[in-house]
Amino acid sequence: MLRSASRDEIRKAKAIMARAPRTTPLAVMQYFADLRDINDRCEAYNAGWHGRWNPVILGFFEATDTEIPSQDNSFWCAAFLNWCLERCGYRPGTRSSSSGTFRGLTGATNNPRRGDIAVFQDGASRCTGHVGLFVGRRNGRVLVIGGNQKQGQHYSVNIKELPVPGTSLRVHSYLRMSDLRPPLSNGRRC
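What this report covers is the structure whose coordinates are included nearby.

Definitions and limits used
- Position numbers for residues start from 1 in each chain and track the written sequence from start to end.
- At least 70 in pLDDT is required for a residue's local features to be given in this predicted model, at least 80 for side-chain atom pairs to be given and counted, and no such filter applies to totals for whole chains, interfaces and linings, which use all residues.
- With hydrogens and water excluded, all non-hydrogen atoms of the structure serve as input to the side-chain values.
- Strands are runs of DSSP state E lasting at least 2 residues, helices are runs of H or I lasting at least 4, and numbering of each runs from the N terminus.
- Only protein chains enter the accessibility calculation, which uses a 1.4 Å probe. A residue is then buried if its area is under 20% of the maximum for its type, exposed if over 50%, and partly exposed in between.
- Whether two residues touch is decided by their heavy atoms; if any such pair falls within 4.5 Å, the residues are in contact.
- Note on areas: these come from Shrake-Rupley sampling with a 1.4 Å probe, and a residue is covered only by the protein chains present in the view.
- Residues enter a nonpolar core if they are buried and are Ala, Val, Leu, Ile, Met, Phe, Trp, Tyr or Cys, with the set joined through side-chain atoms within 4.5 Å.
- Only protein atoms enter the 1 Å grid, on which a cavity is a set of points fitting a 1.4 Å probe that cannot get out and a pocket is an open set with protein on both sides within 12 Å along at least 5 of 7 lines, lining residues being those with an atom within 4 Å of a point.
- Grid points are joined across faces, edges and corners, and a volume is the space filled by probe spheres set on the points.
- For this scheme, ten residues count as nonpolar: Ala, Val, Leu, Ile, Met, Phe, Trp, Tyr, Cys and Pro. Four count as charged, namely Asp, Glu, Lys and Arg, and the remainder, Gly too, count as polar.
- For this analysis, a ring pair means two rings from Phe, Tyr or Trp (six-membered ring only for Trp) whose centres lie within 6.5 Å, classed as stacked if their planes differ by under 30 degrees, edge-to-face if by over 60, and tilted for the remaining angles.
- If DSSP finds at least two bridges between two strands, the strands pair.

## Describing the overall build of the protein chain
Across its full length, the protein chain holds four helices and eight strands. When the helices and strands of the protein chain are read in sequence order from the N terminus, they spell out α-α-α-α-β-β-β-β-β-β-β-β. Buried residues in the protein chain amount to 48% of all 190 residues. The long-range fraction of contacts in the protein chain, counting pairs at least 24 apart against all pairs at least 6 apart in sequence, stands at 53%. Total accessible area computed for the protein chain in this model is approximately 10200 Å², and 48% of it derives from carbon and sulfur atoms.

## Digging into the nonpolar core
The biggest cluster of nonpolar side chains holds 43 residues, and the ones touching the most others in it are Phe32, Phe60, Trp83 and Ile117. Mapped by element, the contributors of at least two residues to this core are α1 (7–18), α2 (25–34), α3 (55–60), α4 (77–87), β2 (117–122), β3 (129–138) and β4 (141–151). Ranked by the residues each element gives to this core, the list is headed by α4, at eight residues. If we ignore the near neighbours within four places in the chain, the residues touching Ile117 are Leu81, Phe102, Val131, Gly132, Leu133, Ser173, Tyr174, Leu175, Met177 and Leu180. Counting residues in each nonpolar core, the second largest holds eight residues, with Ala118, Phe134, Val142 and Tyr174 among its members.

## Looking at the environment of Pro55
Assignment of secondary structure puts Pro55 in helix α3. Owing to a relative accessible area of 13%, Pro55 belongs among the buried residues under this scheme. Along the sequence, Pro55 and Lys12 sit 43 residues apart, while their C-alpha atoms lie 9.0 Å from each other.

## Remarks on the layout of surface pockets
Here the largest pocket defines a volume of roughly 520 Å³. Put simply, the parts of the chain that give the lining of the largest pocket at least two residues each are β3, β4 and β5 (154–163). When its residues are assigned to classes, the lining of the largest pocket shows seven nonpolar, 11 polar and three charged.

## A word on the packing of aromatic side chains
Following the criterion strictly, the structure yields 11 aromatic pairs and no others. Ring geometry for Phe60 against Phe80: centres 4.6 Å apart, planes inclined by 45 degrees, an arrangement best described as tilted. Taken together, the residues Phe60 in helix α3 and Phe80 in helix α4 connect sequence positions 20 residues apart. By way of ring pairs, the aromatic residues Tyr31, Phe32, Phe60, Trp76, Phe80 and Trp83 are connected into one cluster.

## Some details on the pairing of strand β6 (residues 169–175)
Both faces of the sheet carry side chains from a regular strand, because those side chains alternate between them. Where strand β1 (residues 108–109) lies against β6, two bridges are found, and the strand directions are antiparallel. Considered in β6, the bridge of Thr109 is made with Tyr174. Judged from the six bridges that link them, β2 and β6 form a sheet pairing that is antiparallel. Pairing of Ile117 across the sheet is with Leu175, part of β6.

## A few points about α4
Among the 11 residues in α4, 10 count as buried, and that is most of the element. Every buried residue belonging to α4 is among Cys77, Ala78, Ala79, Phe80, Leu81, Asn82, Trp83, Cys84, Leu85 and Arg87, and all of these are buried. Positioned one or two residues after α4, Gly89 has a phi angle of 80 degrees, which is positive.

Next up, the structure:
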């Protein structure tokens, strides 16, 4: 069992999450990628912490039906994407912390636009992979913004270049973000 965050860290995490935009999932992810807030131990609020769970990351699991993890080895890319979708009023994504659940959604495209969902599959396993948002291509690689992406020594929210095909990950599909937008009627969600 990991140690808990302090009351001050939890309070700060809630404030950080409350300030996140509500416009598009891409804007929410960019907000977290740009976040520079740190705790007293110099641990970033947009990354995993050493020896205990970051309360911001735990908050992402509230957008899933997955039990909030008690160990620091849980993947959180899908929980983060689901939280971003929910934050912006999109119909529920998959409500799962498994990236593989995004493989079953409709809206596949071979021509992704900035902000569309990028779904990856691990070459060694049909059940594991990664999910984030497509931001572009560079030198035969896909640029993805998402959570639980390794940057230096930490897993954080960032923009990462992923090779296509990668050594372990390969693109499974791209999904149009617009296909997840719920129809609006009189300013209220249906």
